[in-house]
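Topology and contacts: notes
Now for the letters of each chain:
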Amino acid sequence: EPEVTQTPSHQVTQMGQEVILRCVPISNHLYFYWYRQILGQKVEFLVSFYNNEISEKSEIFDDQFSVERPDGSNFTLKIRSTKLEDSAMYFCASREGRNTGELFFGEGSRLTVL
Amino acid sequence: EDKVVQSPLSLVVHEGDTVTLNCSYEVTNFRSLLWYKQEKKAPTFLFMLTSSGIEKKSGRLSSILDKKELFSILNITATQTGDSAIYLCAVENGANSKLTFGKGITLSVRP
């Protein structure tokens with residue numbers, strides 16, 4: 001069964017460092033998302049991406065965050081200067097169309113900022 | 001702002017019991033309601049509901065949506081220890097395709 005894959009599974013970084021989280025969405029999917037889940041809290045929407053541009057972003061997704069599809073298979077989330085409160089599980093998700101199909105989640109990348 | 005409230009927040013049952021998990025929502029432009037099961041990491045898809053009154057069923061799990069009263073329930077019959085997980089409810093906004101999640105319901109099934 002096709003799946004969304006994410007790397008790394010866990011990253012520990014120092015505050016102020018840049019982090020890039022990588023995702024490979026399911027190959028025929030066109031819509032990509034990043035969600036995050038701070039330990040013990042809700043899964044929160046960060047950003048959606050279609051046709052090489054951001055479709056929607058939440059208030060959380062400030063100037064420190066960026067997304068990119070550098071090569072047609074990878075979908076990355078960059079945090080420029082990490083803060084302690086960025087520590088969370090980051091989930092990548094994809095779906096076939098904007099209005100169709102279920103949203104498939106990756107296994108997540110746990111980011112720990114020290 | 002879209003909102004999802006799940007109840008109860010946690011539940012402990014014994015194998016063989018039947019459980020009902022509740023989800024109520026507010027959304028400006030309803031497209032669908034989704035249930036996910038989260039064990040260790042990624043939420044795994046269970047059901048997508050778009051129409052009221054039509055039960056979706058998968059084995060021992062079933063779910064139904066009431067768009068008038070703005071809620072959904074997820075039923076699990078003959079529970080097994082493998083059903084222990086966090087069950088997430090999310091509502092999709094049709095205007096922007098964003099999912100808003102509830103806090104989840106932690107289900108523990110004891111042998």
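Presented here is an overview of the structure given in this document. Per-chain numbering applies: the sequence of each chain, read as written, is numbered from 1 onward. Key to labels: chains lettered from A, ligands numbered from 1, both in the order written. Per-residue local features of the predicted model are confined to residues with pLDDT of at least 70, and side-chain atom pairs are confined, for both listing and counting, to 80 or more; whole-chain, interface and lining totals are unaffected and use all residues. Hydrogens and waters are ignored; side-chain quantities use all the structure's heavy atoms.

Per the secondary structure count, chain A includes zero helices and eleven strands. Reading the secondary structure of chain A in the N-to-C direction produces β-β-β-β-β-β-β-β-β-β-β. For chain A, whose C-alpha radius of gyration is 13 Å, the value lies close to the compact-globule estimate of 13 Å for 114 residues. Considered along the principal axes of its C-alpha atoms, chain A spans approximately 40 × 25 × 25 Å. For chain A, the residues scored as buried account for 45% of the 114 residues in total. Only heavy atoms matter for contacts: two residues are in contact if any of them lie within 4.5 Å across the pair. Taking all contacts inside chain A whose residues are at least 6 apart in sequence as the whole, residues at least 24 apart take part in 53%. Accessible surface, chain A: about 5,800 Å² in total, of which carbon and sulfur atoms supply 44%. The way it works is that DSSP assigns letters per residue, a run of H or I at least four long becomes a helix, a run of E at least two long becomes a strand, and they are numbered from the N terminus. Using C-alpha atoms as the atom set, the radius of gyration is obtained and then compared with a globule rule of 2.2 Å times the number of residues to the power 0.38. Remark: exposure states derive from per-residue accessible area (1.4 Å probe, protein chains only) relative to the maximum for the residue type, with buried under 20%, exposed over 50%, and partly exposed in between. Computed with a 1.4 Å probe, the accessible areas rest on the Shrake-Rupley method; for each residue, only the protein chains presented here act as cover.

All right, on to the side chain of K37 of chain B then. All names here are of chain B. With respect to the helices and strands, K37 occurs in strand β4 (residues 30-38). Distance and chemistry together define a polar contact, namely a pair of N or O atoms within 3.5 Å, with one atom able to donate a hydrogen and the other to accept it when in protein, and with adjacent residues in sequence counting only for side-chain atoms on both sides. Side-chain polar atoms of K37 contact the backbone oxygen of G82, separated by 2.9 Å. Among all residues touching K37, those that are not within four sequence positions of it are A42, P43, T44, L46, G82, D83, A85, I86 and Y87.

Right, let's talk about empty space enclosed by the protein for a bit. A pocket, in this scheme, is an open set of points on a 1 Å grid over the protein atoms alone with protein on both sides within 12 Å along at least 5 of 7 lines, while a cavity is a set where a 1.4 Å probe fits but cannot get out; residues line either one if an atom lies within 4 Å of a point. Grid points are joined across faces, edges and corners, and a volume is the space filled by probe spheres set on the points. Across all of its chains, the model carries one cavity of 30 Å³ or more by this definition. A volume near 40 Å³ is recorded for the largest cavity. Taken together, Y31, Y33, S48, S55 and R98 of chain A together with N96 and S97 of chain B make up the lining of the largest cavity. Along the lines of polarity and charge, the residues of the lining of the largest cavity split into two nonpolar, four polar and one charged. Any residue that is not Ala, Val, Leu, Ile, Met, Phe, Trp, Tyr, Cys, Pro, Asp, Glu, Lys or Arg is counted as polar, Gly included; the first ten are nonpolar and the last four charged.

Glancing now at the sheet that holds strand β7 (residues 65-68) of chain A. Residues and elements named next belong to chain A. With respect to topology, four strands assemble into an open sheet ordered β1-β3-β8-β7, the strand pairing being antiparallel. Two strands in the sheet have a free side with no partner beyond their single neighbour: β1 (5-7) and β7. Geometrically, the sheet is characterised by an average inter-axis angle of 20° between neighbouring strands, direction not taken into account. Strands pair, by our definition, only if DSSP identifies at least two bridges between them. In this sheet, strand β8 (residues 75-79) lies alongside strand β3 (residues 19-24) in antiparallel orientation, the contact comprising five bridges. Looking at the pairing, L21 lines up with L77 of β8. The convention used is that axes are lines fitted to C-alpha atoms, helices contributing only their stretch in contact, and that angles between N-to-C directions extend from 0 to 180 degrees.

Now for the pattern of salt bridges. Should a side-chain nitrogen of Lys or Arg be within 4 Å of a carboxyl oxygen of Asp or Glu, the pair is scored as a salt bridge. In this structure the tally under the stated criterion is five salt bridges over all chains. A salt bridge links R95 of chain A to E92 of chain B; the nearest nitrogen and oxygen atoms lie 2.7 Å apart. Here the residue R95 of chain A occupies a position in strand β9 (residues 88-95), and E92 of chain B occupies one in strand β9 (residues 85-93), the pair thus bridging two chains. Across the salt bridge formed by R31 of chain B and E92 of chain B, the nearest N and O atoms sit 2.9 Å from each other. Of this pair, R31 of chain B sits in strand β4 while E92 of chain B is found in strand β9, placing the two residues 61 residues apart along the sequence. Its relative accessible area of 1% is what places E92 of chain B among the buried residues. Through salt bridges with shared partners, a single ionic network connects R95 of chain A together with R31 and E92 of chain B.

Purely geometric stuff here, so don't read any function into it on its own.
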